[in-house]
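# Structural overview for review
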Amino acid sequence: MLKTLHNRTRIQYFLGLAIGFFFGFLLQKGGVCRYDIIMQQLLLQDFTVVKIISTAIITGMVGVYAMRDAGWVSLHKKSGSLGATIPGPLIFGIGFAILGYCPGTSVGAVGHGALDALIGGVIGIMAGAGLYAALYPRLKERILPFGTFGDKTLVDLFQARNPWFVIIPVAVFMAGFLAILEIVGL
Amino acid sequence: MDIFQTLANHLFVSIWPPYIVGAGIGILCWLAFLLSNHPIGVSTAFAKSAGMIEMAVRGPEVRNKPYYQENPPTIDWGWMLVAGLFLGAFTAAWLSGDINWKWVPQMWEDTFGPSILLRLSAALLGGICVGFGARWGSGCTSGHGISGTLQLVLTSWIAVFCFFAGGVAVAFIMYRIIGV
């Protein structure tokens, strides 16, 4: 692992900015910062969003696990619970359809002049995050710990001895799904 | 010469094939893990910005809130990532001449009319749900949808399913039931 580089704060700020720049560039060129493309995905008419996310997952998964095998990177897994991982993301999904952008694409949409993404998206998402911070102590006490399952991966879930026994089937399944989308013309 | 010309021309094209874009984002995830020991995620930066604004308005005691003690409201790698995201998205749109100031998206206008107030009210309500839900579930379409799923994290796969379940249900209610 490149520990020395990871500890260089200023260089890390620059790397964050640079990686973000190319991320935003690609999201815009992919067309997924546009309200119409996102809504047509949620209406199951246009699968650009699913195609981009799936290809990113396949590419990222193979590379990150290969680098982990080589000892170059470590994983950063998030823990979950039924009380956190079901209601939060469902509320997110409801908001996603009403707003028509997710956090990253709302910022990207401002980049092509979408003012609803600025007022509703950027300001609304900040307000929602601030509201969550205010309610956090009560949620943490009553709802978040319900049904905790920790930072399990699909590798743990299937008790696979080698992560590639899961990575390869997941990649093949997703590639197959994309192939079907292309064959049926979606 | 011709190859460079062709590559350069692509910078000015509005839309790239989704598989090229997806593979590019996957490679950015490699770089983020390798060079910065950090997964790509966007919504944490919104929470940090909300905290910084609240601190500017109400003073430094905002830091004592339990949420901000666990997630300090400061500029960090993830915040710089979102700043870069804006610059990159702006540059891409500018190169292809796609910057177009607009209050109401076309598809919304075709179904719900040209009212700016209606669109902004809905967008604000949706945005609040997105921000609230993203923090409740500890991640958004980037942090769970790409970075978490590619690490095969169970929470992230469940979260993505719920993002799309909620999103598809509400989109159908909006465009197939209310707005017919």
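The structure under discussion appears in the preceding block.
A brief look at the structure comes next. These numbers come from a predicted model, not from an experiment.

The next point concerns the overall build of chain A. Across its full length, chain A carries 10 helices and 2 strands. Along the chain direction, N to C, the helices and strands of chain A fall in the order α-α-α-α-β-α-α-α-α-β-α-α. With the C-alpha coordinates of chain A rotated into their principal frame, the extents come out at 50 × 50 × 40 Å. Of note, chain A has its 14 positive side-chain charges centred 10 Å away from the centre of its 8 negative side-chain charges.

So, about the pattern of salt bridges. The final tally for this structure, using the stated rule, is 7 salt bridges over all chains. A salt bridge links R119(B) to D116(A), with the shortest nitrogen-to-oxygen separation between them at 2.7 Å. With R119(B) in helix α7 (residues 116-136) and D116(A) in helix α8 (residues 115-142), this residue pair bridges two chains. On the accessibility criterion, R119(B) (0% relative accessible area) is buried. Classification of D116(A) as buried rests on a relative accessible area of 1%.

Of all 8 residues in helix α3 (residues 35-42) of chain A, 6 are buried; the element is thus mostly enclosed. Residues of α3(A) that are buried: Y35(A), I37(A), I38(A), M39(A), Q41(A) and L42(A). Close packing links the buried residues of α3(A) with α4 (48-69), α6 (87-99) and α7 (103-110) of chain A together with α6 (106-112), α7 and α9 (154-178) of chain B. At the exit of α3(A) stands L44(A), carrying a positive phi of roughly 60°.

Once that is clear, we can look at unusual backbone geometry. With a phi close to 60°, L44(A) is a non-glycine residue in the positive phi region. Along the chain, L44(A) falls in the loop between α3 and α4. Even without being a glycine, S138(B) presents a positive backbone phi close to 60°. By the secondary structure assignment, S138(B) is in the loop between α7 and α8 (143-150). When its relative accessible area of 29% is taken as the criterion, S138(B) is described as partly exposed.

Right, let's get into the nonpolar core. I25(B) and L152(B) are the most contacted members of the largest nonpolar core, which totals 106 residues. When residues in this core are grouped by element, the largest group, 11 residues, is from α4(A).

Let us now look at the layout of surface pockets. One number sums up the size of the largest pocket: a volume of about 840 Å³. The wall of the largest pocket is formed by 40 residues, among which K78(A), T44(B), N71(B), R135(B) and S138(B) lie closest to the centre. Secondary-structure elements contributing two or more residues to the lining of the largest pocket are β1 (80-81) and α8 of chain A together with α3 (43-58), α4 (66-70), α5 (77-95), α7 and α8 of chain B. The element best represented in the lining of the largest pocket is α3(B), accounting for 4 residues. Counted by class, the lining of the largest pocket contains 15 nonpolar, 18 polar and 7 charged residues. Considered as a void within the structure, the second largest pocket measures approximately 580 Å³ in volume. At the level of secondary structure, the elements contributing two or more residues to the lining of the second largest pocket comprise α4 and α10 (164-183) of chain A together with α8 and α9 of chain B.

Further remarks concern a nonpolar patch on the surface. Residues and elements named next belong to chain A. A cluster of nonpolar residues, L82, I86, L90 and F146, forms a patch on the protein surface that exposes about 340 Å² of accessible area. Position of L90 relative to the elements: it lies in helix α6. A relative accessible area of 33% means that L90 is categorised as partly exposed.

Another aspect to go through is the interface of chain A and chain B. Counting residues at the interface gives 122 residues for chain A, matched by 119 residues for chain B. At the junction of chain A and chain B, the tally comes to 3 salt bridges. With a closest N to O distance of 3.0 Å, K140(A) and E70(B) form a salt bridge. At the surface where chain A touches chain B, the tally comes to 37 residue pairs in polar contact (both at pLDDT 80 or more). For the side of chain A that touches chain B, the element with the most residues is α8(A), which contributes 23 residues. Here the side of chain A that touches chain B is built from residues that sort into 74 nonpolar, 38 polar and 10 charged.

A separate point is the environment of N100(B). In this fold, N100(B) is placed in the loop between α5 and α6. For the pair N100(B) and A122(B), spaced 22 residues apart in sequence, the C-alpha separation works out to 21 Å. Beyond its immediate chain neighbours, meaning those up to four positions away, N100(B) contacts H112(A), G113(A) and A114(A).

Calculation rules
Per chain, residue numbering runs from 1 following the sequence as it is written. Each chain gets a letter, beginning with A, and each ligand a number, beginning with 1, in the order they are written. A pLDDT threshold of at least 70 governs which residues receive local features in this predicted model, and a stricter bar of 80 or more applies before side-chain atom pairs are shown or counted, although totals over entire chains, interfaces and linings include all residues. In computing side-chain properties, one takes all heavy atoms of the structure into account and sets aside hydrogens as well as water. Here a strand is any run of E in DSSP of at least two residues, a helix any run of H or I of at least four, and the numbering for each starts at the N terminus. Counting rule applied: Lys, Arg positive; Asp, Glu negative; His and chain ends not counted. Where a charge lies is defined by one atom per residue type: Lys uses NZ, Arg uses CZ, Asp uses CG and Glu uses CD. Salt bridges, as used here, are contacts in which a Lys or Arg side-chain nitrogen is within 4 Å of a carboxyl oxygen on Asp or Glu. For each residue, the accessible area found with a 1.4 Å probe, counting protein chains only, is set against the maximum for its type, and the residue is called buried under 20%, exposed over 50%, and partly exposed in between. Residues are treated as being in contact if the distance between any of their heavy atoms lies within 4.5 Å. Nine residue types can take part in a nonpolar core, namely buried Ala, Val, Leu, Ile, Met, Phe, Trp, Tyr and Cys, and a core is a set of them joined through side-chain atoms within 4.5 Å. In this analysis a 1.4 Å probe is tested at points of a 1 Å grid over the protein atoms alone, and where it fits but cannot get out there is a cavity; an open set with protein on both sides within 12 Å along at least five of seven lines is a pocket; lining residues have an atom within 4 Å of a point. Grid points are joined across faces, edges and corners, and a volume is the space filled by probe spheres set on the points. Basically, the charged four are Asp, Glu, Lys and Arg, the nonpolar ten are Ala, Val, Leu, Ile, Met, Phe, Trp, Tyr, Cys and Pro, and anything else, Gly included, counts as polar. Candidate patch residues must exceed 30% relative accessible area and have no salt bridge, after which like charges are joined if within 9 Å and Val, Leu, Ile, Met, Phe, Trp or Tyr side chains if within 5 Å. For every accessible area listed, the method is Shrake-Rupley and the probe measures 1.4 Å; residues are considered covered only by the protein chains on display. Whenever a nitrogen or oxygen atom comes within 3.5 Å of another N or O atom, the pair is scored as a polar contact, on the condition that within protein one atom can donate a hydrogen and the other can accept it, and that pairs from neighbouring residues in sequence are kept only if both atoms are in side chains.

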